[in-house]
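Report on the structure
Listed here are the chains, written in short residue letters.
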Amino acid sequence: MAVQSGTYQALVPCKQGDIFYFTLDTKLDTATRSSLNIQEFNDAGGFISNNYITLNATGDWEQRVRRHKIVDALCTRFAVNIQPAANSNVDSSFIGKSLFSNFRISTKLNNN
């Protein structure tokens, strides 16, 4: 079975101005690209926006730290989708395998 993305287990509560850091170890296998897709939602669960964050993974295991700031005043929660073979919604038909490990979300930058 192939997947286009894997969703983090829960919606993350947030408010305008919050900054989140995403830390993960990643490695390309057969894919040529990978990314995080941050989907923002309002109080009623209505979709606000997609934000793709390129991971720039290589064929070696490397830690990646990416940052996302909530800018929309209506955003109260977001979902994180790990995309093993895409950098945007235009790439949704691409296939390939990427490896991910040690995924973390934090409001503080901490490389430990």
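Calculation rules
- The residue numbering used here restarts from 1 in each chain and proceeds along that chain's sequence as written.
- Selection of residues for local features in this predicted model requires a pLDDT of at least 70, selection of side-chain atom pairs for listing and counting requires 80 or more, and totals for whole chains, interfaces and linings are taken over all residues.
- Only hydrogens and water are set aside; all other atoms, that is, all heavy atoms of the structure, feed into the side-chain values.
- Secondary structure is summarised from DSSP: a helix means a run of H or I of at least four residues, a strand means a run of E of at least two, and numbering begins at the N terminus for each.
- A score between 0 and 100, pLDDT records how confident the predictor is in each residue.
- Ring pairs are drawn from Phe, Tyr and Trp, using the six-membered ring of Trp, whenever the two centres fall within 6.5 Å, and their geometry is named by plane angle: stacked under 30 degrees, edge-to-face over 60, tilted for the rest.
- Residue exposure (1.4 Å probe, protein chains only): buried if accessible area is under 20% of the type maximum, exposed if over 50%, otherwise partly exposed.

**What to know about unusual backbone geometry**
- The phi angle at Asn-56 is positive, at roughly 50 degrees, despite the residue not being glycine.
- With respect to the helices and strands, the residue Asn-56 is situated in the loop between β5 (47-54) and β6 (62-69).
- Phi at Asn-102 takes a positive value of approximately 55 degrees, unusual for a residue other than glycine.

**Some thoughts on the environment of Val-65**
- Structurally, Val-65 is set in strand β6.
- Sequence separation between Val-65 and Arg-104 is 39 residues; the distance between their C-alpha atoms is 9.4 Å.

**Looking at the confidence of the model for the protein**
- On average, residues of the protein score 87 in pLDDT, and 84% of them are at 70 or above.
- Per-element averaging of pLDDT across the protein places strand β1 (residues 6-7) at the bottom with 66 and β6 at the top with 96.

**Considerations on the packing of aromatic side chains**
- Under the criterion given, the structure shown has three aromatic pairs.
- On the basis of an interplanar angle of 85 degrees and a centroid distance of 6.2 Å, the ring pair of Phe-22 and Phe-78 is categorised as edge-to-face. On the criterion of sequence distance, the pair formed by Phe-22 in strand β3 (residues 19-28) and Phe-78 in strand β7 (residues 77-83) is long-range, its members being 56 residues apart. Residues Phe-22 and Phe-78 agree in their burial class; the two are buried.
- With centroids separated by 6.1 Å and ring planes inclined at 70 degrees, the aromatic side chains of Phe-41 and Phe-47 adopt a geometry described as edge-to-face.
- Overall, the relative accessible area of 48% leaves Phe-47 in the partly exposed class.
- An aromatic cluster of at least three residues, connected via ring pairs, comprises Phe-20, Phe-22 and Phe-78.

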